[in-house]
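Notes for the structure review
What follows is each chain in one-letter form.
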Amino acid sequence: MEFSKVIFRYDEGGQRLPEVDRLLQERWGSVMIVSKGKMVDAGLSQRITARDSGGKLIGLATFKVDKENNSCEIVSIDALVFRAGIGSKLLSEVENEAKKAGCRKMWLIALNDNPEAVAFYVKRGYRLIAIHFNALDKSRKLKPQIPLAGKHGIMLRDEWGFEKPL
């Protein structure tokens, strides 16, 4: 895939797009995503989509701007084509939208089974600022389909909080 032919587009959300909901369902088990004890309908969140030259969805970033706290939460990022720079560009586009909205920091939650996500975010300037021990116990009450074990057979227990100033 030639990166120069990928089209990135911002969307304020609020409307369901079947292909976005499908991607979230496949990658996250639901359009609902839990972090820090709160449910977010990622299918209705602000988003950046990445599409190939034929219009096929090949990447998605969902996020929430909190104007009260001048911050932006990255809810999800999924690149369907790996090692092509799509995830990095999605993240960059979210950060640009957050700056336009007056945000001074970005933040996200990663799970304790995801060293690839940790490396991705740390490489792009994010810092681990908190570990929420046993947070998945509470999350499973909100979203029972969260499995007990995740990637690499690691038990899903903790949420890791990352931040980056803008």
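Each chain carries its own residue numbering, running from 1 in the written order of its sequence. Local features in this predicted model are restricted to residues of pLDDT 70 or higher, and side-chain atom pairs are both shown and tallied only at a pLDDT of 80 or more, whereas totals for entire chains, interfaces and linings draw on every residue. Neither water nor hydrogens contribute to the side-chain values; these are computed over all heavy atoms in the structure.

All right, on to the overall build of the protein then. Working definition: helices are DSSP H or I runs of at least four residues, strands are E runs of at least two. Numbering for both runs from the N terminus. Counting secondary structure elements, the protein contains four helices and nine strands. Counting from the amino terminus, the protein carries its helices and strands in the arrangement β-α-β-β-β-β-β-α-β-α-β-α-β. For 166 residues, the compact-globule estimate of 2.2 N^0.38 gives 15 Å, and the protein sits close to it at 15 Å. Overall size of the protein, expressed as C-alpha extent along the three principal axes, is 40 × 30 × 30 Å. Note on definitions: a residue-residue contact is assigned when non-hydrogen atoms from the two residues lie within 4.5 Å. Long-range contacts, defined here as pairs at least 24 residues apart, represent 66% of the contacts in the protein between residues at least 6 apart. Split by element, the accessible area of the protein, about 9200 Å² in all, is 52% carbon and sulfur. Atoms counted for the radius of gyration: C-alpha only. Globule rule: 2.2 Å times residue count to the power 0.38. Per-residue and other accessible areas were derived by the Shrake-Rupley procedure at a 1.4 Å probe size, with only the shown protein chains allowed to occlude residues.

So, about the sheet that holds strand β1 (residues 7-11). One requirement defines pairing of two strands: DSSP has to find at least two bridges between them. Overall, mixed pairing links the seven strands, which are arranged β1-β4-β5-β6-β7-β9-β8 in an open sheet. Among the strands making up the open sheet, the edge pair consists of β1 and β8 (127-132). Strand after strand, the sheet turns through a mean of 25° between neighbouring axes, direction not considered. Examined bridge by bridge, strand β7 (residues 105-111) and strand β9 (residues 159-165) share seven bridges and lie antiparallel to one another. An axis is simply a line fitted to the C-alpha atoms; with a helix, the fit covers only the stretch in contact. Between two such axes, the angle follows the N-to-C directions and lies from 0 to 180 degrees.

Moving on, we come to the packing of aromatic side chains. In this scheme Phe, Tyr and Trp rings, the latter by its six-membered ring, pair at centre separations within 6.5 Å, and the angle between planes marks the pair as stacked below 30 degrees, edge-to-face above 60, and tilted otherwise. In total, this model carries three aromatic pairs according to the counting rule given. Ring centres of Phe120 and Tyr121 lie 5.0 Å apart, and the angle between their planes is 80°; this geometry places the pair in the edge-to-face category. For the residue pair Phe120 and Tyr121, the accessibility class agrees, reading buried in each case. Geometrically, the ring pair formed by Tyr121 and Tyr126 is edge-to-face, given 5.5 Å between the ring centres and 70° between the ring planes. In terms of burial, Tyr121 and Tyr126 fall into one category: buried. Members of the aromatic cluster, joined through ring pairs, are Phe120, Tyr121 and Tyr126. Between the NZ or CZ atom of Lys36 and the centre of the ring of Trp107, over which it lies, the distance is 4.7 Å. Exposure classes here rest on a 1.4 Å probe applied to the protein chains alone. A residue is buried below 20% of its type maximum, exposed above 50%, and partly exposed in between. Lysine NZ or arginine CZ positioned within 6 Å of the ring centre and within 35 degrees of the ring normal marks a charge as sitting over the ring.

This paragraph deals with a positive patch on the surface. To count toward a patch, a residue needs a relative accessible area above 30% and no salt bridge. Like charges then connect within 9 Å, nonpolar side chains (Val, Leu, Ile, Met, Phe, Trp, Tyr) within 5 Å. What counts as a salt bridge is simple: a side-chain nitrogen of Lys or Arg found within 4 Å of a carboxyl oxygen of Asp or Glu. In summary, the charge assignment counts Lys and Arg as positive and Asp and Glu as negative, without counting His or the chain termini. For this purpose, a charge sits on NZ of Lys, CZ of Arg, CG of Asp or CD of Glu. Together, Lys36, Lys38, Lys64, Lys138 and Lys141 line one region of the surface with positive charge. With respect to the secondary-structure elements, Lys64 resides in strand β5 (residues 57-66).

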